There are 2 protein chains.
Amino acid sequence: MDPVAVPVGQSLKARNAALAAENRRRFQDRNLLVLNVLSSPGAGKTALLERTLTDLKGQVRAAVVVGDLATDNDARRLRRSGSPAVQITTGTICHLEAAMIARACDDLDLDHLDLLVIENVGNLVCPAGYDLGEDVRVVVYSVTEGEDKPLKYPTAFKSAHVVVVSKTDLAEATGFDRPTALENIGRLAPQARILELSARSGQGLESWYDFLRQRLRDRPSR
Amino acid sequence: MDPVAVPVGQSLKARNAALAAENRRRFQDRNLLVLNVLSSPGAGKTALLERTLTDLKGQVRAAVVVGDLATDNDARRLRRSGSPAVQITTGTICHLEAAMIARACDDLDLDHLDLLVIENVGNLVCPAGYDLGEDVRVVVYSVTEGEDKPLKYPTAFKSAHVVVVSKTDLAEATGFDRPTALENIGRLAPQARILELSARSGQGLESWYDFLRQRLRDRPSR
């Protein structure tokens, strides 16, 4: 057989896509709703998930897989909500990959879960290129980051099913130009549902929970 | 000659290091002070540089090379200060590389500059691994990102000569725990000078300008 030259980047992406499809089958077989949450460092992913897991306790059986370069701070924070959390420490790798998720899931009891939340590495660039087998891709974007970010990080926004505008309690202090930001999100991510909220003040959380509950109800019954 | 197997990542990094050394010689031959500015998306790199170029106008002959995935918004903003600004649009590449800087510098009159500022792609992970030939690596870290970021993005902080804690005017509104943040910076980046400032209120800018003026004075005379 003749060897075929495949650009390295492309073959890695193709391998990831195949493994993501395997993850997706594994999740669907168990009727699991899976979120992949992307954002810049410090946009408030962990704060939102902490509060979500605590508020939905008793209603939803949830677990988290969380990616970080160097620490397990986030997994420790998230475990306090009572949900299992598996930490993936990526070293210098700037994103999670489908293979990492498959391995992390071996440490979870997937058969007895409704919701799996994957908290990606804090990075608006690299994670956007890697399907993990999720149902819903959530991009969290804080009001402190400025109105132009959807235009500057188009791959992440174009691939989002949901854009969460976070830290709305700081909108006034930061001089956040909400109409421009919503226009920019609408331009790059017309497909996405936009949810504005603050995990600190609680503002807007009910719409986020309603969205999750609706998606959980919409799952085909086993 | 026998082919030698070199891991792809390693050979790209080695090539970048060689080109960074070439850039460094080119800059040193012209007695140019070169900064490489790294941060998360929305930490305030462009706002700080806009204000810096405006305030130092007439004192320092400066130019900017700015990296972005998709837009030339930042170059347009920076040109308003009167300094030349060259935009590098990286597409899906999550960092600037030495070769991109070499090409961008062909569009600048390096012989008649004192200061070249490279504004990297907004990303606290990937840019940290790429020397561009700079003298000073500046990591900008905003109070809205939380106290734990130095621990979570160690490569960037370990390689910093200066850590700028930005948006200090929002410290109170965000409940920023300054002692913990400074302790975390000190632990990861004991080598770095820490400068706390707000480009919006102007607080702390004089120390930043003093630092730049000192480094410009310290250059060997041509």
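Each chain has its residues counted from 1, following the order in which its sequence is written. The order in which chains are written sets their letters, starting at A; the order in which ligands are written sets their numbers, starting at 1. This being a predicted model, a pLDDT of at least 70 is required before a residue's local features are given, and a value of 80 or more before pairs of side-chain atoms are given or counted; all residues contribute to the totals for chains, interfaces and linings. To obtain the side-chain values, all non-hydrogen atoms of the structure were used and water was disregarded.

Caption draft 1: Broad picture of the packing of helix H2 (residues 45-55) of chain A against helix H9 (residues 205-217) of chain A. All names here are of chain A. Helix axes are fitted to C-alpha atoms over the stretch in contact, other axes to C-alpha atoms as well, and angles between N-to-C directions run from 0 to 180 degrees. Helix and strand assignments follow DSSP, with helices taken as H or I runs no shorter than four residues and strands as E runs no shorter than two, numbered in order from the N terminus. At their nearest, the axes of H2 and H9 sit 11 Å apart, and the two run at 65° to each other. It follows from the interaxial angle that H2 and H9 lie roughly perpendicular. Crossing of H2 over H9 shows right-handed handedness. Residue-level inspection shows Leu48, Arg51, Thr52 and Asp55 of H2 in contact with H9, the latter providing Leu205, Trp208, Tyr209 and Leu212. Looking at the contact of H2 with H9, its residues break down into five nonpolar, one polar and two charged. Roughly parallel means an angle under 35 degrees; roughly antiparallel means over 145; roughly perpendicular covers 65 to 115; every other angle is labelled oblique. Helix crossings fall into two classes, left-handed where the near helix is turned counterclockwise from the far one by less than a right angle and right-handed where it is turned clockwise. Whether two residues are in contact is decided by their heavy atoms: any pair within 4.5 Å suffices. The residue classification treats Ala, Val, Leu, Ile, Met, Phe, Trp, Tyr, Cys and Pro as nonpolar and Asp, Glu, Lys and Arg as charged. All others, Gly included, are polar.

Caption draft 2: Looking closely at the nonpolar core. Only buried Ala, Val, Leu, Ile, Met, Phe, Trp, Tyr and Cys residues count toward a nonpolar core, and they belong to the same one when joined by side-chain atoms within 4.5 Å. Partly exposed describes any residue whose relative accessible area lies between the buried limit of under 20% and the exposed limit of over 50%, with all areas from a 1.4 Å probe on protein chains only and scaled to the type maximum. Ranked by size, the top nonpolar core spans 50 residues in total, and within it Tyr141, Phe157 and Val163 of chain A together with Tyr141, Phe157 and Val163 of chain B carry the most contacts. Mapped onto this core, the elements with two or more residues apiece are strand E5 (136-142), helix H6 (154-158), strand E6 (162-166) and helix H8 (178-188) of chain A together with strand E5 (136-142), helix H6 (154-158), strand E6 (162-166) and helix H8 (178-188) of chain B.

Caption draft 3: Focus on the packing of aromatic side chains. Aromatic rings from Phe, Tyr and Trp, with only the six-membered ring used for Trp, were paired whenever their centres fell within 6.5 Å, and each pair was classed as stacked if the ring planes differed by under 30 degrees, edge-to-face if by over 60, and tilted otherwise. This model, assessed by the stated rule, comprises four aromatic pairs over all chains. Between Trp208 of chain A and Phe211 of chain A, the ring centres sit 6.4 Å apart and the planes meet at 15°, which makes this aromatic pair stacked. On the criterion of helical spacing, the pair formed by Trp208 of chain A and Phe211 of chain A is a turn pair, its members being three residues apart in helix H9. For the pair Trp208 of chain A and Phe211 of chain A, a shared accessibility class is recorded, and that class is buried. Whether a charge sits over a ring depends on NZ of Lys or CZ of Arg being within 6 Å of the ring centre and within 35 degrees of the ring normal. For Lys13 of chain B, the ring lying beneath its charged end belongs to Tyr130 of chain B, and the centroid distance is 5.0 Å.

Caption draft 4: Summary view of helix H4 (residues 98-105) of chain B. Taken residue by residue, H4 of chain B has Ala98, Met100, Ile101, Ala104 and Cys105 of chain B as its buried positions. Burial along H4 of chain B is one-sided: seen end-on, the buried residues are contained in an arc of 160°. What the arc describes is the spread of directions from the helix axis to the C-beta atoms.

Caption draft 5: The arrangement of the sheet that holds strand E2 (residues 62-68) of chain A in detail. Residues and elements named next belong to chain A. In space, the seven strands of this open sheet follow the order E3-E2-E4-E1-E5-E6-E7, with parallel pairing throughout. Edge positions in the sheet fall to strand E3 (85-89) and strand E7 (193-196), since each of these pairs with one other strand and no more. Geometrically, the sheet is characterised by an average inter-axis angle of 20° between neighbouring strands, direction not taken into account. The criterion for strand pairing is that DSSP finds at least two bridges linking the strands in question. In terms of strand pairing, E2 meets E3 through five bridges, oriented parallel. Each bridged residue has a counterpart across the sheet, and for Val65 the counterpart in E3 is Val86. This element, H2, spans strand E1 (33-39), E2, strand E4 (115-119), E5 and E6 of the sheet and lies at about 165° to E4. Sheet strands in contact with H8 are E5, E6 and E7, and its direction is about 155° off that of E7.

Caption draft 6: Structural view of the side chain of Ser142 of chain B. All names here are of chain B. Structurally, the position occupied by Ser142 is in strand E5. Take Ser142: its relative accessible area is 1%, and that puts it in the buried class. We call two N or O atoms a polar contact when they sit within 3.5 Å, provided that within protein one can donate a hydrogen and the other can accept it, with sequence-adjacent residues counted only if both atoms are side-chain atoms. In this structure the side chain of Ser142 is engaged in a polar contact, spanning 2.6 Å, whose partner is the side chain of Thr144. Filtering out sequence-adjacent residues up to four positions away, Ser142 remains in contact with Ala43, Ser166 and Lys167.

Caption draft 7: Structural view of the sheet that holds E5 of chain B. All names here are of chain B. Reading across from one edge, E3-E2-E4-E1-E5-E6-E7 is the order of the seven strands in this open sheet, with parallel pairing throughout. Edge positions in the sheet fall to strand E3 (85-89) and strand E7 (193-196), since each has one partner strand and no second. Strand-to-strand twist in this sheet, taken as the mean axis angle between neighbours without regard to direction, amounts to 20°. Where E6 lies against E7, four bridges are found, and the strand directions are parallel. In the sheet register, Val162 faces E7, and the bridge partner there is Arg193.

Caption draft 8: Structural detail: the interface of chain A and chain B. Of the residues lining the interface, 34 residues belong to chain A; the matching set on chain B comes to 34 residues. Buried area is understood as the total, over both parts, of accessible area removed when two parts are fitted together, assessed with a 1.4 Å probe. When chain A packs against chain B, the two sides together hide about 2,500 Å² of surface, and 58% of this comes from carbon and sulfur. Considering only the surface of chain A that becomes buried against chain B, Pro41, Val125 and Lys152 of chain A emerge as the three largest contributors, covering 22% of it. In this structure, Asp68 of chain A and Lys152 of chain B form a salt bridge, with 3.9 Å as the shortest nitrogen-oxygen distance. Counting across the interface, chain A meets chain B through 11 residue pairs in polar contact (both at pLDDT 80 or more). Of all the secondary-structure elements, those providing two or more residues to the side of chain A that touches chain B are helix H3 (73-79), helix H5 (149-152), H6 and helix H7 (171-174) of chain A. Residues belonging to the side of chain A that touches chain B are distributed by class as follows: 14 nonpolar, 11 polar and nine charged. In what follows, salt bridge is the name for a side-chain nitrogen of Lys or Arg lying within 4 Å of a carboxyl oxygen of Asp or Glu.

Caption draft 9: Here's a closer look at the pairing of E5 of chain A. All names here are of chain A. Counted residue by residue, E5 has seven buried out of seven residues, so it is predominantly covered. Here five bridges tie E5 to E6, and the two strands are oriented parallel to one another. Note on E6: the bridge partner recorded for Val140 is Val164.

Caption draft 10: Looking closely at the pattern of salt bridges. Residue and element names in this part refer to chain A. In this structure the tally under the stated criterion is 34 salt bridges over all chains. For Arg178, the salt bridge goes to Glu196, with nearest N and O atoms at 2.6 Å. With a gap of 18 residues between them, Arg178 in helix H8 and Glu196 in strand E7 connect regions that are remote in the sequence. Relative accessible area serves as the criterion here: at 42%, Arg178 is assigned to the partly exposed category. Judged by relative accessible area, which is 27%, Glu196 ranks as partly exposed.

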